[in-house]
Amino acid sequence: PYISEMEFFVKRGVDLIWLLLILYFYYKIGKINKFKFNIFPLSYLFLIMAVIGAASIFNALIFLDVYVELSDLFETYRWVYYFLVINMAFQIKWDHYLFNRYLVQATIAALTVIFIITYGSLFNDHLRQFFSVFYFFKTQAAWNEYVRVSGTFTNPNFFAVFLVFALSVITLSGVMKIYKKYLYLLLTFALVFLTGSRTGMI
């Protein structure tokens with residue numbers, strides 16, 4: 001969403017909404033599985049990253065006398081959130097129907113909206129002004145200088161990570177017509193390049 005002068009509260013408010021939603025899903029899935037949860041072993045990596053992040057902030061604050069903002073603390077929260085999301089998904093017994101119904105189709109729908117907003121804002125100033133009412137952009141409509149697109153995200157790197165995830169989902173999809181699959185792959189690859197994200201490229 002658009003980030004105003006209340007940037008911190010808007011961002012953290014969105015974080016809180018997503019966290020409550022994930023905890024709700026944990027409750028619903030736990031109820032079905034009689035609250036027997038499996039832990040995806042690789043997801044412990046995210047908790048390790050959270051500990052490293054917390055130690056880094058502590059070191060910067062106490063020993064290096066580096067200025068630390070409150071928003072820096074949420075970089076540690078991010079890894080905990082990833083841990084929760086990965087493990088929530090791991091509780092679901094995915095079959096072909098569930099994968100296509102709830103992951104592939106949702107990804108295609110999200111990409112369609114993102115294509116309209118991002119490419120529209122790149123090639124048309126009027127569309128850019130319209131979408132700018134709802135979203136903060138690092139995108140520019142003029143091609144006379146290097147720009148990094150951020151789509152419907154506030155950060156090109158976060159956008160790139162989502163796009164790479166979407167690429168893997170589309171590649172594994174068996175429900176898309178072949179011409180549509182290659183069109184979406186091409187448009188998504190182009191956006192990864194336009195984000196200028198080294199993380200996304202790798």
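Whatever comes next refers back to the structure up there.
Throughout, a residue's number is its position along its own chain's written sequence, starting from 1. The predicted nature of this model means local features are confined to residues of pLDDT at least 70 and side-chain atom pairs, given and counted, to a pLDDT of 80 or more, with totals for whole chains, interfaces and linings taken over all residues. Side-chain measures here rest on the full set of heavy atoms in the structure, leaving out hydrogens and waters.

Comments concerning the packing of aromatic side chains
Piece 1. Two rings belonging to Phe, Tyr or Trp (six-membered ring only in the last case) form a pair when the distance between their centres is within 6.5 Å. Interplanar angles under 30 degrees mark stacking, angles over 60 mark edge-to-face geometry, and anything in between is tilted. A complete count under the given rule lists eleven aromatic pairs for this structure.
Piece 2. Pairing Y44 with F83 gives two aromatic rings, centres 6.2 Å apart and planes at 40 degrees, and the pair type is tilted. Separated by 39 residues along the polypeptide, Y44 in helix α2 (residues 44–62) and F83 in helix α3 (residues 73–90) bring together distant segments of the chain.
Piece 3. Ring geometry for F115 and Y119: centres 6.0 Å apart, planes at 50 degrees, overall tilted. Separated by four residues within a single helix, F115 and Y119 lie in helix α4 (residues 96–123), roughly one turn from each other. Helix numbers and strand numbers start at the N terminus; a helix is a DSSP run of H or I with at least 4 residues, a strand a run of E with at least 2.

Considering the environment of L111
Piece 1. Mapped onto the elements, L111 comes out in helix α4.
Piece 2. Sequence separation of L111 and T188 is 77 residues, and the distance between their C-alpha atoms is 8.1 Å.
Piece 3. Two residues qualify as a contact provided that any one of their heavy atoms is within 4.5 Å of a heavy atom in the partner residue. Setting aside anything within four residues of it in sequence, one finds L111 in contact with F162, L163, A166, I170, Y184 and T188.

Considering the nonpolar core
Piece 1. Counting 21 residues, the largest nonpolar core has L111, L163, Y184 and L191 as its most contacted members.
Piece 2. Mapped by element, the contributors of at least two residues to this core are α4, α6 (156–172) and α7 (178–195).
Piece 3. Apart from the residues within four sequence positions on either side, L191 is in contact with I114, F115, T118, Y119, V149, F159 and L163.
Piece 4. Core analysis: the second largest hydrophobic core is formed by eight residues, I22, F46, Y81 and F83 among them. Residue types Ala, Val, Leu, Ile, Met, Phe, Trp, Tyr and Cys, when buried and joined through side-chain atoms within 4.5 Å, form a set referred to as a nonpolar core. Under the scheme applied here, a residue whose accessible area is under 20% of the maximum for its type counts as buried, over 50% as exposed, and between as partly exposed, the area being computed with a 1.4 Å probe on protein chains only.

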